[in-house]
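Chain and residue survey
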Amino acid sequence: MDREKKINLLSRLALFECERSPNLDRCIYDAKTQRGRVPILKVLQSTYCDRNCDYCVFRRDREKTPKVYIDPEDLAKGFWELYTKGRVKGIFLSSGIFIHPEVTMEKMIDTVKILRDRYGYRGYVHLKIMPGVSVQTVEEAVKVADRVSINIEAPTEKRLKAIAKGKSLLGDIIPKMKEVAKILESFPAKDQTTQVIVGAGGETDREILKTSEFLYREIGVKRVYYSPFRPVDGTPMENLPPCPEARGRALYRADFLIRDYGFTAEEILGGKDFLELGKDPKETWAKRNQDLFPVEINRADFETLIRIPGVGKRTAEEIIRRRLRSAIRKPEDLKGIRNLKKILRYVTLMGRYYGEVKYSR
Ligand code: SF4
């Protein structure tokens, strides 16, 4: 198989949804990176994997998956051609584990080094860290990449064992993420992310969000991505139902509140195991905590303002700017503020409540 065909296939397989797509362009996607939004080629070094994770299209025993490997020289050259034609501006390199995690990771790092050193490539690189590699190898990976990721896949040891017996959260993945965090202290512009497969191992939203909270607060992970489980034929999980997309969306909304707004998983869930699908989690929290409302908009500090349903960080800053000029006394003083009708349900303006008043902006 020639280089172009291999890259095409390895890229389509990297994005499961493109498995049947004949067009490489459909596999190039815009990713939000530290450098802004850039078109990324997600590609694999190899589809061979000697592990047997139950959910995975690349598991050793799935005969249907084409077994393809591309050497670092060819992959670097093929990517460079796409880059110089302006089709991509970044690479996300992952792989199945072949021979040994160290060998796999070495080939992936070699690919990036050829790009950086020989071709002078300065663009975006996201490298997946293989489970079980040494700290020296992690260090090498961090040096050549902008972003690295180790997928936790499931929120607890028990849930992970249910879908990938050979992996361990406590014995390998979390300690490795801590090692990455330590190394990243010397590279403030770089970061690490992770991914959870949602709905594969019987896990609750509570388990997922508590783990995400731990990863943000204790390890400094930049983003947790939630990937709804989709069964792959020819795997032990082929007959399981797919996870509803709405569950993934609900987790992203809750995650946003934990990551950027200082909420705890416990506050968002209010004792429940699952989020309410299709509901704004901040509004659900506010309804459960009516004793905290209404908030006097002229006195609330920034942290209190951003907890009001409908108020984002920019809106909170705008409210503070306006009240520094003069007190906010009536809804007209908030003219132009987004979600005003919703916000008025949760605030007072100089002690007066306008929540039920119909006010058109
Ligand atoms: S180690 Fe990774 S690529 Fe291999 S089977 Fe498990 S999830 Fe798939």
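The structure presented is a predicted model; accordingly, all values stated were derived computationally and were not measured.

Looking now at the domain arrangement of the protein. Domain boundaries assigned for the protein yield domain 1 (1–147), domain 2 (150–279) and domain 3 (289–353). When each unit is reduced to the centre of its C-alpha atoms, the spacing between domain 1 and domain 2 is 22 Å. The interface of domain 1 with domain 2 comprises 20 residues on the first partner and 26 residues on the second. It is helix 4 (residues 135–144) that contributes the most residues to the side of domain 1 that touches domain 2, four residues altogether. Class assignment of the residues belonging to the side of domain 1 that touches domain 2 gives a composition of nine nonpolar, three polar and eight charged.

A few words now on the site of the ligand. Around the ligand lies a shell formed by Cys-49, Arg-51, Cys-53, Cys-56, Phe-58, Arg-59, Gly-96, Ile-97 and Ala-164. Taken together, the residues of the shell around the ligand sort by class into six nonpolar, one polar and two charged.

A word on helix 1 (residues 3–14). When the terminal C-alpha atoms of helix 1 are compared, their 16 Å separation across twelve residues agrees well with the 16 Å that a helix rising 1.5 Å per residue should span. What helix 1 keeps buried is the set Ile-7, Asn-8, Leu-10, Ser-11, Arg-12, Leu-13 and Ala-14. Tucked into the core, helix 1 has its buried residues touching strand 2 (36–44), helix 2 (72–84) and strand 3 (90–94).

What follows deals with the packing of helix 3 (residues 101–118) against helix 4. Where helix 3 contacts helix 4, the axes come no closer than 10 Å and their chain directions differ by 25°. On the basis of the axis angle, helix 3 is roughly parallel to helix 4. When you trace helix 3 past helix 4, the crossing you get is left-handed. In contact with Glu-102, Met-105, Ile-109, Val-112, Lys-113 and Arg-116 of helix 3, helix 4 contributes Thr-137, Glu-140, Ala-141 and Val-144. The residue inventory of the contact of helix 3 with helix 4, partitioned by class, reads five nonpolar, one polar and four charged.

Strand order in this open sheet of seven strands is 1-2-3-4-5-6-7, and the pairing throughout is mixed. Unpaired on one side and paired on the other, strand 1 (28–33) and strand 7 (223–228) mark the two borders of the sheet. Put simply, the sheet's adjacent strands are angled 30° from each other on average, direction ignored. Packing of helix 8 (residues 245–261) onto the sheet brings it into contact with strand 6 (191–198) and strand 7, and relative to strand 7 it is tilted by some 165°.

Pairing within the open sheet is mixed, and its three strands lie in the order 8-9-10. With partners counted over all chains shown, the strands left at the sheet margins are strand 8 (295–296) and strand 10 (352–353), one partner each. Here two bridges tie strand 9 (residues 347–349) to strand 10, and the two strands are oriented antiparallel to one another. Bridged to Leu-349 within strand 10 is Arg-352.

Where strand 1 meets strand 2, six bridges bridge the pair, whose relative direction is antiparallel. The residue bridging Lys-32 from the neighbouring strand is Arg-37, located in strand 2. The turn joining strand 1 and strand 2, which pair antiparallel and follow one another in sequence, is formed by two residues. Here five bridges tie strand 2 to strand 3, and the two strands are oriented parallel to one another. Each bridged residue has a counterpart across the sheet, and for Val-43 the counterpart in strand 3 is Leu-93. Regarding topology, helix 2 serves as the crossover connection from strand 2 to the parallel strand 3, and that connection is right-handed.

Taking 1.5 Å of rise per residue, the 18 residues of helix 3 would be expected to cover 26 Å, and the 25 Å separating its terminal C-alpha atoms lies within 8% of that figure. The set of residues buried in helix 3 consists of Pro-101, Thr-104, Met-105, Lys-107, Met-108, Ile-109, Thr-111, Val-112 and Leu-115. Of the surrounding secondary structure, the elements contacted by the buried residues of helix 3 are helix 2, strand 3, strand 4 (124–128) and helix 4. Backbone geometry just after helix 3 places Gly-120 at a positive phi near 70°.

Before going further, it helps to spend a moment on the packing of helix 7 (residues 205–219) against helix 8. Where helix 7 meets helix 8, the axes come as close as 10 Å, and the angle between the chain directions of the two elements is 35°. For the pair helix 7 and helix 8, the sense of crossing is right-handed. Only Leu-251, Ala-254, Asp-255, Ile-258 and Arg-259 of helix 8 make contact with helix 7, whose side of the interface consists of Asp-205, Ile-208, Leu-209, Ser-212, Glu-213 and Tyr-216. Across the contact of helix 7 with helix 8, the residue classes tally to six nonpolar, one polar and four charged.

Calculation rules
Residues numbered from 1 in each chain as written. Predicted model: local features only at pLDDT ≥ 70, side-chain atom pairs only at ≥ 80, totals over all residues. Domains from an automatic or database assignment. Contact = placed C-beta atoms within 7 Å. Helix = DSSP H or I, 4+ residues; strand = E, 2+ residues; numbered from the N terminus. Nonpolar A, V, L, I, M, F, W, Y, C, P; charged D, E, K, R; others polar. Near = placed C-beta within 6 Å. Expected span 1.5 Å × (residues − 1). Buried ≥ 20, exposed ≤ 12 C-beta atoms within 10 Å, placed from the backbone. Axes fitted to C-alpha atoms, helices over the stretch in contact; angles between N-to-C directions. Parallel < 35°, antiparallel > 145°, perpendicular 65-115°, else oblique. Left-handed = near helix turned anticlockwise from the far one by under 90°. Pairing = 2+ DSSP bridges. Right-handed = clockwise from strand over helix to strand, strands pointing away.

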